[in-house]
Amino acid sequence: MQTTTAPDRSSVLESLRTVLAAPLRRQTYGNIAYLALAAVLGQLYFVGFVTGASLGIGLLITLLGLPILVGTLAATTGVASLEARLAGLLVGVDIPEPEFISKTSVRDGLVLPGDGFLDAVVSLVKARSTWLSVVLVAVKFVFSIVSLVVLPTLLAISAALLATPFVYEGQFVGLGSEITVGAYRVGPWVVETLPEALAVAGGGVVFVIVAANLLNALARLQALYIAVLLKGGQRSP
């Protein structure tokens, strides 16, 4: 019995240590950077795709519509490739590039997959990863909204709680309250003494640990979801 419970106890302690040390881990700040970029890039991707697609569809009756649509699809696979690189660099999740991008080379000039430009366009349109890249843009837009709400909220609350011992005596806007003179509010509580401020800061430390783990989980969820999408676009050997 001792031989079976000792590894379990060790794994539990290791997991607890990982959770508690989340605010001190370098990976946490890579994940925060990933979420910050997602909050901006996800909306840029979506606006760019919708603009290109709607413009291309609207101009299909002219000679410009089809090239715009093809260019939009190519740019979308480029976006998916960028997301794969960001996930690997910042979150540590390895994601394959879309098929069209992996077969394109720019080392000795632009070399497209296939035999000629038209063959490359057909390859782009037929590749499953191209259309999964379109899905990725839509999914990334949803994640960008979540990141835009969750990341600033958790960081602002963490900063407000940790800063309480330094600002509770001044005239500041308390967390969740109106402007008060000579008092600092955290929700319904008024912080008027140093012990109270230190207690709030102690709660802030706990909140920071929870927030860091939530942000880590959110960043990894985004990266893993994108990995599932793009791996689904790979051809079976």
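Worth saying up front: this structure is predicted, and the values here are computed from it rather than measured.

Observations concerning the environment of alanine 127
Okay, step 1: When you line up the elements, alanine 127 lands in the loop between α5 (117–126) and α6 (128–162).
Okay, step 2: For alanine 127, a relative accessible area of 4% puts it in the buried group.
Okay, step 3: Note: C-alpha distance between alanine 127 and proline 98 (29 residues apart in sequence) is 8.5 Å.

Digging into the packing of aromatic side chains
Okay, step 1: Inspection of every chain in the model, using the stated rule, returns two aromatic pairs.
Okay, step 2: With 4.2 Å between their ring centres and 20 degrees between their planes, phenylalanine 46 and phenylalanine 141 make a pair best called stacked. With phenylalanine 46 in helix α2 (residues 26–58) and phenylalanine 141 in helix α6, this pair connects stretches of sequence that are 95 residues apart.
Okay, step 3: A relative accessible area of 29% means that phenylalanine 46 is categorised as partly exposed.
Okay, step 4: When the ring of phenylalanine 143 is compared with that of tyrosine 225, the centres are 6.1 Å apart and the planes differ by 75 degrees; the resulting orientation is edge-to-face. Of this pair, phenylalanine 143 sits in helix α6 while tyrosine 225 sits in helix α8 (residues 194–231), and the two are 82 residues apart along the sequence.
Okay, step 5: A residue is classified by how much of its surface remains accessible, and phenylalanine 143, at 13% relative accessible area, is buried.
Okay, step 6: Given the relative accessible area of 41%, tyrosine 225 is considered partly exposed.

Regarding the packing of α6 against α8
Okay, step 1: Following both chains from N to C, one finds α6 and α8 inclined at 175 degrees, their axes separated by 9 Å at the closest point. The angle between α6 and α8 places the two elements in the roughly antiparallel class.
Okay, step 2: Residue composition of the contact of α6 with α8, by class: 26 nonpolar, five polar and one charged.

A closer look at a nonpolar patch on the surface
Okay, step 1: A grouping of Leu13, Leu16, Val19 and Leu20 is seen on the molecular surface, where their side chains present a nonpolar patch of about 350 Å² in accessible area.
Okay, step 2: One can find leucine 16 in helix α1 (residues 2–20).
Okay, step 3: Judged by relative accessible area, leucine 16 falls into the partly exposed class, the value being 46%.

As for the packing of helix α3 (residues 65–91) against α8
Okay, step 1: In the contact formed by α3 and α8, the axes pass within 10 Å of each other and the chain directions differ by 135 degrees. Viewed along their axes, α3 and α8 adopt a mutual orientation that is oblique. The crossing of α3 and α8 is left-handed. Residues Ala80, Glu83, Ala84, Ala87 and Val91 of α3 form the contact with α8, whose own contacting residues are Ala219, Arg220, Ala223, Ile226 and Leu230.
Okay, step 2: Of the residues in the contact of α3 with α8, the class split is eight nonpolar, no polar and two charged.

Some remarks on the pattern of salt bridges
Okay, step 1: Counted under the stated rule, the structure contains two salt bridges.
Okay, step 2: Between glutamate 83 and lysine 140 there is a salt bridge, with the nearest N and O atoms lying 2.9 Å from each other. With glutamate 83 in helix α3 and lysine 140 in helix α6, this pair connects stretches of sequence that are 57 residues apart. For the pair formed by glutamate 83 and lysine 140, the shared burial category is buried.
Okay, step 3: Across the pair arginine 85 and glutamate 97 runs a salt bridge, and its minimum N-O distance is 3.0 Å. Here the residue arginine 85 occupies a position in helix α3, and glutamate 97 occupies one in the loop between α3 and α4 (99–102), the gap between them amounting to 12 residues.
Okay, step 4: With a relative accessible area of 56%, arginine 85 lands in the exposed category.

The rules behind these values
- Residues numbered from 1 in each chain as written.
- Predicted model: local features only at pLDDT ≥ 70, side-chain atom pairs only at ≥ 80, totals over all residues.
- Heavy atoms only, no water.
- Helix = DSSP H or I, 4+ residues; strand = E, 2+ residues; numbered from the N terminus.
- Buried < 20%, exposed > 50% of the residue type's maximum accessible area, 1.4 Å probe, protein only.
- Phe/Tyr/Trp six-rings, centres within 6.5 Å; stacked < 30°, edge-to-face > 60°.
- Axes fitted to C-alpha atoms, helices over the stretch in contact; angles between N-to-C directions.
- Parallel < 35°, antiparallel > 145°, perpendicular 65-115°, else oblique.
- Nonpolar A, V, L, I, M, F, W, Y, C, P; charged D, E, K, R; others polar.
- Patch = residues over 30% accessible without salt bridge, like charges linked within 9 Å, V, L, I, M, F, W, Y side chains within 5 Å.
- Areas by Shrake-Rupley, 256 points an atom, 1.4 Å probe, with all protein chains shown as cover.
- Salt bridge = Lys/Arg side-chain N within 4 Å of Asp/Glu carboxyl O.
- Left-handed = near helix turned anticlockwise from the far one by under 90°.
- Contact = heavy atoms within 4.5 Å.

These results come straight from atomic positions and should not be treated as a statement about function.
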